[in-house]
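# Structural description and commentary
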Amino acid sequence: MGNTFLENTFAQDILKGLSSYPKYLPSKYFYDAKGDALFQKIMQLPEYYLTKAEFEIFERQKENIVNAFSSRTGKFHLIELGAGDGYKTKVLLEHLLGKQSNFEYVPVDISGNVLNLLQNDLKTSMPNLEVSPIVGDYFYALEKISEQDHDRKVVLFLGSNIGNFNQKNANGFIKHLSQELNEGDLLLTGVDLKKNPKVILSAYNDASGVTKAFNFNLLDRINKELGANFILDNYMHHPTYDPQSGECRSYLLSLKKQEVHFADLETTIEFEAYESIHTEISKKYALRELQDMAKGAGFTVIENFIDSKGYFVDTLWEKL
Ligand SMILES: C[S@@+](CC[C@H](N)C(=O)[O-])C[C@H]1O[C@@H](n2cnc3c(N)ncnc32)[C@H](O)[C@@H]1O
């Protein structure tokens, strides 16, 4: 990543997670260059309905969405948290440009690699678009954004990124975000809705094994960046879904009792047989839960844009 602070934070976070009981690893570390490429593959999988559903919402309802962004006068900052490769966002960006909206696009991502790909892509596909990327995590970006205190802001938080928080942290994050916004600013959040558990589980356990490879890549990244010696064949990918909490959780299970040595950190971590590492949460919501979250954080729901299967919502909120 070329940033000493981030590298140190990576080492600290990984050690903290693997020294905890139960063990965990922060999902934001999935996204090195290989993780970015694997996630792009996931988005094209037949089982991964989330991308298709949100893409359909944008294709079919872009006029209403974009009109809501541009309904007030003056230039606005279109800030996208965790933008990734912007595959779906480009539908909205093109439509905004076509309407000659006065805005600047600010994609934020912890992966400098994916932001470079996005910026290069936009330079060719939308040369007139003003782009000001921010490399860093959401909280760093929120601080930077709060420096532009008086400008109108429209924040995008797409692709069910909010699902990577549990309920408590999602509420906390949305409240924090709300504090950085002014009255009348907008937030469009892409949220995966509760549905048949079989549909959900297969999206996180695809037949071709790409999601498994995405999870295993985190161990590979730790091997490369922290001199660890995880043997990938000694672990299995294990997703679960709880229909009540709406939490789809991914785990890596240690198939046997074993030790992993971190040469660069002079540390050894022990695993019991079938001990788990929690790697990711992808929480699914009911519309009423979103309504409560909006209200609790000082927003009002303007409109819910839902796909034709009722799988996914892009919920548009205004800061009160
Ligand atoms: C699941 S992908 C979704 C990308 C995009 N929003 C979409 O809908 O296609 C999540 C993206 O958010 C980024 N990300 C994850 N956690 C982050 C964090 N804490 N701060 C900033 N970016 C983060 C990842 O690098 C990745 O590009």
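Residues numbered from 1 in each chain as written. Predicted model: local features only at pLDDT ≥ 70, side-chain atom pairs only at ≥ 80, totals over all residues. Heavy atoms only, no water.

Taken across its 6 residues, strand β2 (residues 76-81) has 6 buried, putting it largely inside the fold. Of the two faces of β2, both are covered, the one formed by Phe76, Leu78 and Glu80 as well as the one formed by His77, Ile79 and Leu81. Examined bridge by bridge, β2 and strand β3 (residues 103-109) share 6 bridges and lie parallel to one another. Opposite phenylalanine 76, over in β3, you have phenylalanine 103 as the bridge partner. Each parallel crossover has a hand, and the one from β2 via helix α4 (residues 89-98) to β3 is right-handed. By the bridge criterion, 5 bridges tie β2 to strand β5 (residues 152-157) in an arrangement that is parallel. Within the sheet, the bridge partner assigned to glutamate 80 lies in β5 and is leucine 156. (Buried < 20%, exposed > 50% of the residue type's maximum accessible area, 1.4 Å probe, protein only. Helix = DSSP H or I, 4+ residues; strand = E, 2+ residues; numbered from the N terminus. Pairing = 2+ DSSP bridges. Right-handed = clockwise from strand over helix to strand, strands pointing away.)

Once that is clear, we can look at the sheet that holds strand β1 (residues 23-24). Pairing in this open sheet of 4 strands is mixed, and the strands run β1-β11-β8-β7 from one edge to the other. Taken across any chain shown, the strands that pair with only one partner, and hence form the sheet edges, are β1 and β7 (235-242). With 8 bridges connecting them, β7 and strand β8 (residues 247-254) associate as antiparallel partners. The residue of β8 that forms the bridge with histidine 237 is leucine 252. The strands touched by helix α9 (residues 210-226) are β7, β8 and β11 (276-283); relative to β7, the strand with the most contacts, the crossing angle is about 120°. (Contact = heavy atoms within 4.5 Å. Axes fitted to C-alpha atoms, helices over the stretch in contact; angles between N-to-C directions.)

Here we take up the site of the ligand. Close to the ligand lie 17 residues, the nearest being Gly82, Lys88, Asp109, Tyr138 and Gly159. The backbone of glycine 82 places a nitrogen or oxygen atom 2.7 Å from a nitrogen atom of the ligand. The contact in question runs from a nitrogen atom of the ligand to an N or O atom on the backbone of tyrosine 138, over 3.1 Å. Computed on the free molecule, the ligand has an accessible area of 600 Å², of which 93% lies beneath the protein chains in the complex. Tallied by class, the residues present in the shell around the ligand amount to 7 nonpolar, 6 polar and 4 charged. (Near = heavy atom within 4 Å. Polar contact = N/O pair within 3.5 Å; in protein donor to acceptor, adjacent residues only side chain to side chain. Areas by Shrake-Rupley, 256 points an atom, 1.4 Å probe, with all protein chains shown as cover. Nonpolar A, V, L, I, M, F, W, Y, C, P; charged D, E, K, R; others polar.)

With that out of the way, let us pick up the sheet that holds strand β12 (residues 299-306). Taken in spatial order, the 7 strands make up an open sheet running β4-β3-β2-β5-β6-β13-β12, and their pairing is mixed. Since the sheet does not close on itself, it has two edges, and those belong to β4 (134-135) and β12, each with one partner. Relative to strand β6 (residues 186-192), β5 runs parallel, the two being bridged by 4 bridges. The residue bridging phenylalanine 157 from the neighbouring strand is threonine 189, located in β6. Across the face of the sheet, helix α3 (residues 49-70) comes into contact with β2, β5, β6, β12 and β13 (312-319) while running at roughly 30° to β13.

This part takes up the domain arrangement of the protein chain. Looking at the assigned domains, one finds that the protein chain contains domain 1 (4-30 + 206-283) and domain 2 (49-193 + 289-319). When domain 1 packs against domain 2, close to 740 Å² is buried across both sides, 48% of that on carbon and sulfur atoms. The interface formed by domain 1 and domain 2 includes 1 salt bridge. The closest approach of N and O atoms between aspartate 137 and lysine 28, which form a salt bridge, is 3.5 Å. Put simply, domain 1 and domain 2 have 4 residue pairs in polar contact (both at pLDDT 80 or more) between them. (Domains from an automatic or database assignment. Buried area = accessible area lost by both parts, 1.4 Å probe. Salt bridge = Lys/Arg side-chain N within 4 Å of Asp/Glu carboxyl O.)

Turning our attention to the pairing of β5. Extensive coverage of β5 is indicated by the burial of 6 of its 6 residues. Here β5 shows no split at all, with Arg152, Val154 and Leu156 on one side and Lys153, Val155 and Phe157 on the other all buried. The parallel pair β5 and β6 is bridged by helix α7 (residues 167-179), and the resulting crossover is right-handed.

Summed over all chains, the structure comprises 15 salt bridges. Connected through salt bridges with shared partners, the residues Asp192, Lys195 and Lys284 form a single ionic network.

Along the polypeptide, valine 210 turns up in helix α9. Residue class for valine 210 comes out buried when judged on its relative accessible area of 11%. C-alpha separation for the pair valine 210 and leucine 38, spaced 172 residues apart in sequence, amounts to 6.9 Å. Among all residues touching valine 210, those that are not within four sequence positions of it are Leu38, Lys41, Ile42 and Leu45.

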